[in-house]
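Each chain, letter by letter, is given below.
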Amino acid sequence: VAQAAALDSEVAELEKALAALQDVAERAGEQVEVDVAELGIVEKASAVVHREWKRRRRLCMEVLLTFSERADCKVEKLVDRYAVETDDSCGHHFPEGLVL
């Protein structure tokens, strides 16, 4: 739980930094140079958060699959019955071609 809170706050900080950079780019009206070192740091942080998200998603799916086997019902029915939030239900849509 503490790790989730830490990751959530890290994501929020990265989103704030991204919004600030996008604001600067919009005001400049042209290409903005990006510090290569900073870009590397952001890409590493993004990869860490993405791996953690994939791990947690896999664990949740394993739990749901186990429950569905024991209850002899489909995963979708369990998701509806217990109001499990999925990526789609939360409005998280990933770009086409993104490997998850």
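Residues numbered from 1 in each chain as written. Predicted model: local features only at pLDDT ≥ 70, side-chain atom pairs only at ≥ 80, totals over all residues. Heavy atoms only, no water.

Points about unusual backbone geometry
Outside of glycine, negative phi angles account for most residues, and trans bonds account for most peptide bonds. Residues other than glycine seldom take positive phi values, yet Asp72 does so here, at roughly 55°. With respect to the helices and strands, Asp72 occurs in the loop between α2 (36-71) and α3 (75-81). Unusually for a residue other than glycine, Ala83 sits at a positive phi of about 50°. Of note, Ala83 is situated in the segment after α3. A residue is classified by how much of its surface remains accessible, and Ala83, at 61% relative accessible area, is exposed. (Helix = DSSP H or I, 4+ residues; strand = E, 2+ residues; numbered from the N terminus. Buried < 20%, exposed > 50% of the residue type's maximum accessible area, 1.4 Å probe, protein only.)

Points about the packing of helix α1 (residues 2-28) against α2
It is the contact of α1 with α2, at a shortest axis distance of 11 Å, that shows an interaxial angle of 140°. Accordingly, the angle class assigned to the pair α1 and α2 is oblique. Relative to α2, α1 is oriented so that their crossing is left-handed. Side by side, α1 and α2 meet where Gln3, Ala4, Leu7, Glu10, Val11 and Leu14 of the first sit next to Ala45, Val49, Glu52, Arg55 and Arg56 of the second. Residues that form the contact of α1 with α2 fall into these classes: 6 nonpolar, 1 polar and 4 charged. (Axes fitted to C-alpha atoms, helices over the stretch in contact; angles between N-to-C directions. Parallel < 35°, antiparallel > 145°, perpendicular 65-115°, else oblique. Left-handed = near helix turned anticlockwise from the far one by under 90°. Contact = heavy atoms within 4.5 Å. Nonpolar A, V, L, I, M, F, W, Y, C, P; charged D, E, K, R; others polar.)

Examining the environment of Leu65
On the secondary structure map, Leu65 appears in helix α2. Judged by relative accessible area, Leu65 falls into the partly exposed class, the value being 42%. Spatially, the C-alpha atoms of Leu65 and Glu76 are 10.0 Å apart, while their sequence positions differ by 11 residues.

Points about the pattern of salt bridges
Overall, the coordinates contain 3 salt bridges when judged by the stated rule. The closest approach of N and O atoms between Glu52 and Arg55, which form a salt bridge, is 2.7 Å. Pair noted here: Glu52 and Arg55 are both in helix α2, with a separation of 3 residues, about one helical turn. Residue Arg55 is classed as partly exposed on the basis of its relative accessible area of 33%. Arg56 is the salt-bridge partner of Glu52, the closest N and O atoms lying 2.7 Å from each other. Placement of both Glu52 and Arg56 in helix α2 is noted, with a separation of 4 residues, approximately one turn of the helix. (Salt bridge = Lys/Arg side-chain N within 4 Å of Asp/Glu carboxyl O.)

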